[in-house]
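This is what each chain is made of:
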Amino acid sequence: MSKPKRSLLRSLFSLTPICLASIGLVSVGLVSIANAEPLDSSAPSQSAPSPSATITLGEDHSLLMGIPGSGKLTLQEVRDWLSQPKQHETLSVTLPKGLSAAQGNIFIPEDNPLTRAKIELGRQLYFDPRLSNDNTISCASCHDPAQGYGAQTQFGVGVRGQEGGRNSPVAYNRIVSQAQFWDGRAATLEEQAVGPIANPIEMGNNHETCVADLAANPIYKLQFEKVFGDGVTIDNVGKAIAAFERALVTGPAPYDYQNDLDTFEKLFADDLEYLDEEPELKAQYDAIKAAIAENPMSESAKRGMKLFAGKANCATCHAGANFTDEQYHNLGVGMEADEPDLGRYEVTKEEKDKGAFKTPTLRNIALSAPYMHDGSQKTLQEVVDWYDKGGHKNPWLSDKMKVLNLTDQEKADLVAFMKEGLTGTFPKIQTGRLPE
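Residues numbered from 1 in each chain as written. Predicted model: local features only at pLDDT ≥ 70, side-chain atom pairs only at ≥ 80, totals over all residues. Heavy atoms only, no water.

Where an unreviewed UniProt entry is consulted, the chain appears under the name Cytochrome c551 peroxidase, with the organism given as Stieleria magnilauensis. As its UniProt record puts it under Subcellular location (unreviewed entry), the chain is described as follows: "Cell envelope". (UniProt positions renumbered as here; feature names shortened; annotations may be inferred.)

Written as structure tokens, this is what we have:
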């Protein structure tokens, strides 16, 4: 190996994954395709930001594990916890391996910085059915951690067993997304978070009643005053829930480790036999292979990974570190109906958007069946079959939909990749521990 090449190797692989992403080298494969008590002046509030602390989402498990203890939260427990300055520090966040290539896409509004206290308040609100008019439905009813942060029903089910008309989208990795809902009608997570509260089919409440109920609870009242300064408002409810949801980030999947190896070997295909001349790089190469051994994919899944970026055309829309282009496409799903759901068109009123829906992330997709905006496809096999036939023809079908002519083995390989290669970890989370 020449000295210039060894120098290049050393410099490239000493960079962080984020730096590599910025110069297009992380992903040769898929990702490159794209109370009753007044506000205590001793406790910081959003109006007086405190110094920042840096954490890695998906790895700092204390962030979502709630206030220490057992049983229902008491006023004294919350007061003591909030008295700690670190709970009010503004958090500077980084993303874990895999998703870190999307670091530049992080969206946190300037008026809603992340703090541990705000995330904890949002966690409580997310799991609390008292936001609904009959105390039966919480955010987690349709976006359940035990069901892949979705719901394993065709449509979302709200108060009094009412069904909506769309499948529940997943609630994780929203920190790298701005517009929300299948049709993108909510410009931010803050806006999305308060929508279901007043939806007659979902929580069946109204914002005024929700705010009054929360303000009547001493524990919630105290937290809103400490976190926001101006107390309980519907905007602050949205900000707290949005902060919590931004902290829901998936960890590395086997794909991320395999992609490291493929990237290394493709960049330096002619020089692998000379790595012994560079002990540090050899150690990195061995570490990559060791990580793959701990996070393996079957040969079928590896073949599926190549198909995903190639013949199967999946990466055209499921691109980037979060495996979504965050755009809207008509796949023909549901368009055979007499009065189909027109999706994005109802927001923009632009003809081209008829029947178009947002591309969902495929990270941990195996955990959140059924699929598509209408929950019409129960398995990933059905999804692959749909794409293979080119969707359902209609005047607004995306030009990205094409007949694929996949073999049965190729279809099985694609499913194996999505199940094995894209299933990573979820952060540890406390689903109980709500205010008395």
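**Q** Sorry if this is basic, but what is going on with the nonpolar core here?
**A** Across soluble globular proteins, nonpolar side chains have a tendency to be buried as a group. Among the nonpolar cores identified, the biggest contains 58 residues, and Leu57, Ile119, Leu125, Tyr126, Leu214 and Phe224 are the most heavily contacted of them. Elements that contribute at least two residues to this core include exactly α3 (75-82), β2 (89-94), α4 (116-127), α5 (139-142), α6 (189-198), α7 (207-215), α8 (218-228) and α9 (234-246). (Core = buried A, V, L, I, M, F, W, Y, C linked by side-chain atoms within 4.5 Å. Buried < 20%, exposed > 50% of the residue type's maximum accessible area, 1.4 Å probe, protein only. Helix = DSSP H or I, 4+ residues; strand = E, 2+ residues; numbered from the N terminus.)

**Q** I keep staring at α7 and nothing clicks. Help me out?
**A** Every α-helix carries 3.6 residues per turn, so stepping three or four residues along brings you back to the same face. Where α7 is concerned, the buried positions are Cys210, Val211 and Leu214. Down the axis of α7, the buried side of the element spans an arc of 95°, and every buried residue falls inside it. Turning to α7, the residues buried within the fold contact α4, α6, α8 and α9. You can read the cap of α7 off the contacts: a side-chain oxygen lies 3.2 Å from the backbone nitrogen of Glu208, and it is on Asn206. (Arc of directions from axis to C-beta. Contact = heavy atoms within 4.5 Å. Polar contact = N/O pair within 3.5 Å; in protein donor to acceptor, adjacent residues only side chain to side chain.)

**Q** Got a minute to help me understand the packing of aromatic side chains in this structure?
**A** Geometrically, a pair of aromatic rings is defined through the distance of the ring centres and the angle of the planes. All told, the structure shown has 13 aromatic pairs when counted by the stated rule. Members of the aromatic cluster, connected to one another through ring pairs, are Tyr255, Phe308, Phe323 and Phe417. Just above the ring of Tyr328 sits the side chain of Arg344; from NZ or CZ to the centre is 4.3 Å. (Phe/Tyr/Trp six-rings, centres within 6.5 Å; stacked < 30°, edge-to-face > 60°. Lys NZ or Arg CZ within 6 Å of the ring centre and 35° of its normal.)

**Q** Is there a simple way to think about the pattern of salt bridges in this case?
**A** Inspection of every chain in the model, using the stated rule, returns 24 salt bridges. One salt bridge connects Asp256 with Arg363, and the closest N-O pair in it is separated by 2.9 Å. With Asp256 in helix α10 (residues 254-267) and Arg363 in the loop between β4 (357-358) and α14 (380-388), this residue pair connects regions lying 107 residues apart in the sequence. Residues Asp256 and Arg363 agree in their burial class; the two are buried. We note a salt bridge from Glu350 to Lys352, for which the minimum N-O separation is 3.4 Å. Given a relative accessible area of 38%, Glu350 falls into the partly exposed group. Taking relative accessible area as the criterion, Lys352 reaches 59% and is therefore assigned exposed. Overlapping salt bridges bring together Arg166, Asp183, Arg185 and Asp341 as one network. (Salt bridge = Lys/Arg side-chain N within 4 Å of Asp/Glu carboxyl O.)

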